[in-house]
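Survey of secondary and tertiary structure
One letter stands for each residue in the lines below.
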Amino acid sequence: TFFILVRTLVLSVFGEWVLYITSFNLADMVRTGFARQALVHFLAPSTSEAEKHSFKSSGLYLTLIATLIVGLLSYLVYLLFFQNSETGIGYFFLLYPLVGLITIIPSFDTWISQANRQNLRMSSLTFYPAFLFSIVAAVSFWHPLSLWELLLYHAFIRLVLAIYSVFSNKQILVSIIKPNLAKVKKLWSFGRYSIATLFGTNLLKSAD
């Protein structure tokens, strides 16, 4: 996909796309590392179904809270510094509050699959969006894409994946029902220590 977009996009559009997707992946990686590591750590060894449901619900709500906080901060940065900006960074601060919420469900589905050792499903949830976006990239050979169109396709694919997760995994709907405040605090206490490390590591990777 990367190589196709290099060939098909206008150079300036490709540069702005790289800035957007790098920022998006960095934010998503920090959120994933924060919530997934704690959830898998406590969920995988659990033997009680009630306890598993409690951890799942608590993990989902903790992720939702973190996403809302980051989303509000992102939109505030957009309003203060990037209004009417048509740059990749500007679009990131504008769109992440919405796209971040959309990606909660498929990300959560991936984490549950990992904890349950459902490796095929976990791999599929990673493969589907990459495959669909590669089709979008291939279409750009015949229909040149603007930066905005590319971002909309990126968000739409994640919306489709979220709908697929909800209808194909009953655990998602069960997890919405019953969060546990004590479990939320437990997950937070474990996950917060990995945030700085993950952010630092991935920021270093993304520096170029």
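Residues numbered from 1 in each chain as written. Predicted model: local features only at pLDDT ≥ 70, side-chain atom pairs only at ≥ 80, totals over all residues. Heavy atoms only, no water.

1. Examining the packing of helix H6 (residues 119-139) against helix H7 (residues 147-168)
For the pair H6 and H7, the least separation of the axes is 10 Å and the interaxial angle reads 150 degrees. In terms of axis orientation, H6 runs roughly antiparallel to H7. The handedness of the crossing between H6 and H7 is right-handed. Facing H6, whose interface residues are Arg121, Leu125, Tyr128, Pro129, Leu132, Phe133 and Val136, H7 presents Leu150, Tyr153, His154, Ile157, Arg158, Leu161, Tyr164, Ser165 and Ser168. Looking at the contact of H6 with H7 residue by residue, the class counts come to 11 nonpolar, three polar and two charged. (Axes fitted to C-alpha atoms, helices over the stretch in contact; angles between N-to-C directions. Helix = DSSP H or I, 4+ residues; strand = E, 2+ residues; numbered from the N terminus. Parallel < 35°, antiparallel > 145°, perpendicular 65-115°, else oblique. Left-handed = near helix turned anticlockwise from the far one by under 90°. Contact = heavy atoms within 4.5 Å. Nonpolar A, V, L, I, M, F, W, Y, C, P; charged D, E, K, R; others polar.)

2. Observations concerning a nonpolar patch on the surface
Together, Phe127, Tyr128, Phe131, Leu132, Ile135, Val139, Phe156, Leu159, Val160, Ile163, Tyr164 and Phe167 give the surface a local cluster of nonpolar side chains, amounting to about 1100 Å² of exposed area. The set of elements that each furnish at least two residues to the nonpolar patch consists of H6 and H7. Its location among the elements puts Phe156 in helix H7. (Patch = residues over 30% accessible without salt bridge, like charges linked within 9 Å, V, L, I, M, F, W, Y side chains within 5 Å. Areas by Shrake-Rupley, 256 points an atom, 1.4 Å probe, with all protein chains shown as cover. Salt bridge = Lys/Arg side-chain N within 4 Å of Asp/Glu carboxyl O.)

3. Overview of the environment of Val184
Within the secondary structure, Val184 sits in helix H9 (residues 181-206). Residue Val184 is classed as buried on the basis of its relative accessible area of 14%. Each C-alpha atom, one on Val184 and one on Trp148, is 37 Å from the other, the two residues being 36 residues apart in sequence. Filtering out sequence-adjacent residues up to four positions away, Val184 remains in contact with Ser58 and Leu62. (Buried < 20%, exposed > 50% of the residue type's maximum accessible area, 1.4 Å probe, protein only.)

4. Observations regarding the side chain of Ser85
If you trace the backbone, Ser85 turns up in the loop between helix H3 (49-81) and helix H4 (88-102). Residue Ser85 is classed as buried on the basis of its relative accessible area of 16%. In terms of polar contacts, Ser85 uses its side chain to reach the side chain of Thr87, at 2.9 Å. In contact with Ser85, other than residues within four places in its own chain, are Gly90 and Tyr91. (Polar contact = N/O pair within 3.5 Å; in protein donor to acceptor, adjacent residues only side chain to side chain.)

5. A look at the packing of aromatic side chains
In the structure shown here, the tally under the stated rule is 18 aromatic pairs. With 5.9 Å between their ring centres and 70 degrees between their planes, Phe24 and Tyr96 make a pair best called edge-to-face. A residue pair is termed long-range when its members are at least 10 positions apart, and Phe24 in helix H2 (residues 11-43) and Tyr96 in helix H4 qualify at 72 residues. Look at Tyr96 and you get buried, because its relative accessible area is 2%. Measuring from ring centre to ring centre gives 5.8 Å for Tyr128 and Tyr164, while their planes differ by 90 degrees; the resulting arrangement is edge-to-face. A residue pair is termed long-range when its members are at least 10 positions apart, and Tyr128 in helix H6 and Tyr164 in helix H7 qualify at 36 residues. Above the ring of Phe55, the side-chain terminus of Lys183 is found at 5.2 Å from the ring centroid. (Phe/Tyr/Trp six-rings, centres within 6.5 Å; stacked < 30°, edge-to-face > 60°. Lys NZ or Arg CZ within 6 Å of the ring centre and 35° of its normal.)

6. Thoughts on H4
Considering bend angle alone, the principal kink of H4 is centred on Leu95 and spans about 55 degrees; proline Pro97 follows within four residues of it. The buried fraction of H4 amounts to 11 of the 15 residues, a majority that puts the element mostly inside the structure. Gly88, Gly90, Tyr91, Phe92, Phe93, Leu95, Tyr96, Pro97, Val99, Gly100 and Ile102 are the residues of H4 that are buried. On the buried face of H4, the contacting elements are H2, H3, helix H5 (104-115) and H7. (Bend = angle between axes of the 7 residues up to and from the residue.)

7. Some words on the packing of H3 against H9
Two elements in contact, H3 and H9, have axes separated by 8 Å at closest approach and are oriented at 65 degrees. In terms of orientation, H3 and H9 fall into the roughly perpendicular class. The two elements H3 and H9 cross, and the hand of that crossing is right-handed. In this structure, H3 uses Glu51, Ser54, Phe55, Ser58, Gly59 and Leu62 to contact H9, whose residues at the interface are Lys183, Val184, Lys186, Leu187 and Trp188. For the contact of H3 with H9, the class distribution of residues is five nonpolar, three polar and three charged.

8. Observations concerning unusual backbone geometry
With the exception of glycine, the majority of residues adopt a negative phi angle, and the majority of peptide bonds are in the trans configuration. Here the phi dihedral of Asn84 falls at roughly 65 degrees; this positive angle occurs in a residue that is not glycine. With respect to the secondary-structure elements, Asn84 resides in the loop between H3 and H4. Classification of Asn84 by relative accessible area gives exposed; the value is 73%. For Arg117, which is not glycine, the phi dihedral falls at a positive 60 degrees. Tracing the backbone shows Arg117 in the loop between H5 and H6.

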